[in-house]
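Each chain, letter by letter, is given below.
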Amino acid sequence: MNIHLQEEPGFFVPPELIEGVRAARRIVVLTGAGMSAESGIPTFRDALTGLWSKFDPQTLATPEGFKRDPALVWGWYEARRRGVMRAVPNAGHLALHDLSTLHGIDGLTIVTQNVDDLHERAGSRQVIHLHGSLFAPRCLACGRPTEHVEQDAAGLKDDGSDRAIPPPRCQHCGGLVRPGVVWFGEDLSQQEWRQALERVREADLLLVVGTSGKVYPASRLPEIAENNGAPVWVINPDPDLDVGAWAVWNATAATALPALVGACIAEKG
Ligand SMILES: NC(=O)c1ccc[n+]([C@@H]2O[C@H](COP(=O)([O-])OP(=O)(O)OC[C@H]3O[C@@H](n4cnc5c(N)ncnc54)[C@H](O)[C@@H]3O)[C@@H](O)[C@H]2O)c1
Ligand SMILES: [Zn+2]
């Protein structure tokens, strides 16, 4: 079995968290954009810099924005999709997979707001994608999933003057193909949301990693866990993050998670 521990001598792991992980039978890890930051994938705010700095989420991440300018929006998601394909899972993604295989817990479920596939590429199988995926395009008109067709973006200018890429057409009805992500103002997939709620209600520990907690309804999950008696731990390097009464560990995903898993295994003997 591969263990992806990164030895960080002297790296402080809160003892209460080690205890909590060791005692837990069912753990849910809620992840956000910060989980993938150390894989080089920008968080939402960071992604709106450079070429995209003159656009806002209303333009790029809403159904109205797509209807107004499908090629601009498709081009933005293509750029992100290609960025994710070039990235690799970081030590944090790998540590979560290790935790599920090594610790002997009955279940570790990852509930992610991320639209990348880095948890899966790290080996994790129980991953619930609340906000969809960059790799699951579907038809805007008939809703059918569409195979991803590689479009030739060669020749796109770096100054962004032609960053737009016209979306492909649905092979069934000829409608426009849209990214398979949940945009602002859209409902989550009910199936994914129900599954996430179920797992969170059954959990006896919730880890919240790399999310600012501002996107509803994912932001409700910590409170739901807590109401069901599960301790909530936040792992986030931002010392100013408002986490209310929850326990917080100010550290990054790729340093904290391997150290945590290493400590749990070491203590187990
Ligand atoms: N990788 C992706 O799939 C991706 C990337 C960007 C945005 N999004 C989408 O944008 C929305 C933004 O909400 P959000 O809360 O996920 O992200 P966010 O951008 O609002 O917040 C990111 C959080 O991660 C923290 N962070 C930064 N670096 C970190 C690190 N190395 N380790 C741990 N934490 C770190 C920040 O302090 C911040 O609190 C989500 O709906 C998500 O679907 C997804
Ligand atoms: Zn169609």
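J.: Please clarify how the overall build of the protein should be interpreted in this entry.
T.: On a plain count of helices and strands, the protein comes out with 10 helices and 8 strands. The buried share of the protein, reckoned over its 269 residues, is 49%. Taking the intrachain contacts of the protein between residues at least 6 apart in sequence as the baseline, contacts between residues at least 24 apart amount to 72%. A total accessible area of about 13100 Å² is found for the protein, and carbon and sulfur atoms account for 50% of it.

J.: Would you mind going over unusual backbone geometry with me for this structure?
T.: Across residues other than glycine, the phi torsion is negative in most instances, and most of the peptide bonds are trans. Omega for the peptide link from Tyr 216 to Pro 217 comes to 5 degrees, which places this bond in the cis form. Following the sequence through the fold, Pro 217 ends up in the loop between strand E6 (205-209) and helix H9 (221-227).

J.: Explanation requested: the site of ligand 1 in the structure shown.
T.: With respect to spatial proximity, 27 residues lie near ligand 1, and among them Gln 113, Val 115, His 131, Thr 211 and Ser 212 are the closest. Glu 38 places a polar side-chain atom, nitrogen or oxygen, 2.8 Å from a nitrogen atom of ligand 1. Within the side chain of Asn 236, one N or O atom sits 2.8 Å away from an oxygen atom of ligand 1. Considering ligand 1 on its own, with 860 Å² of exposed area, one finds that the protein chains cover 86% of that surface. Three or more residues apiece are contributed to the shell around ligand 1 by two domains, here domain 1 (14-39 + 89-133 + 187-269) and domain 2 (42-86 + 138-178).

J.: Please clarify how the sheet that holds E6 should be interpreted in this entry.
T.: Pairing is parallel in the open sheet, where 6 strands are placed in the order E3-E2-E1-E6-E7-E8. At either margin of the open sheet sits one strand with a lone partner, and together these are strand E3 (127-129) and strand E8 (247-249). Strand-to-strand twist of the sheet, defined as the mean angle between neighbouring strand axes without regard to direction, takes the value 20 degrees. Relative to strand E7 (residues 232-235), E6 is paired through 4 bridges, and the arrangement is parallel. By the bridge assignment, Leu 206 is partnered in E7 with Val 232. Taken strand by strand, helix H1 (residues 15-23) contacts strand E1 (26-31), E6, E7 and E8, and its axis lies near 125 degrees from that of E6.

Calculation rules
- The residue count restarts for each chain, going from 1 along the sequence in the order it is written.
- Here chains are named by letter from A upward and ligands by number from 1 upward, in the order in which they appear as written.
- It should be noted that, the model being predicted, local features are given only for residues of pLDDT at least 70 and side-chain atom pairs only at 80 or more, the latter also being counted only at that level, while totals for whole chains, interfaces and linings use all residues.
- Neither water nor hydrogens contribute to the side-chain values; these are computed over all heavy atoms in the structure.
- Helix numbering and strand numbering both begin at the N terminus, where a helix is a DSSP run of H or I of at least 4 residues and a strand a DSSP run of E of at least 2.
- Burial classes follow relative accessibility: with a 1.4 Å probe on protein chains only, a residue under 20% of its type's maximum area counts as buried, one over 50% as exposed, and anything between as partly exposed.
- In this description, contact between two residues means that some pair of their heavy atoms is separated by no more than 4.5 Å.
- Methods summary: accessible areas were calculated by the Shrake-Rupley approach with a probe of 1.4 Å, and residue burial reflects only the protein chains presented.
- The cutoff for a nearby residue is simple: one of its non-hydrogen atoms must lie within 4 Å of the molecule or strand.
- Any pair of nitrogen or oxygen atoms within 3.5 Å is treated as a polar contact; in protein, a donor-acceptor pairing is required on top of that, and neighbouring residues in sequence qualify only through side-chain atoms on both sides.
- The domain boundaries here were taken from an automatic or database domain assignment.
- Between any two strands, pairing holds if DSSP finds at least two bridges.
- Here an angle of 0 to 180 degrees is reported between the N-to-C directions of two axes, which are lines fitted to C-alpha atoms, with helices fitted over the stretch in contact.

What is shown is where atoms sit, not what they do.
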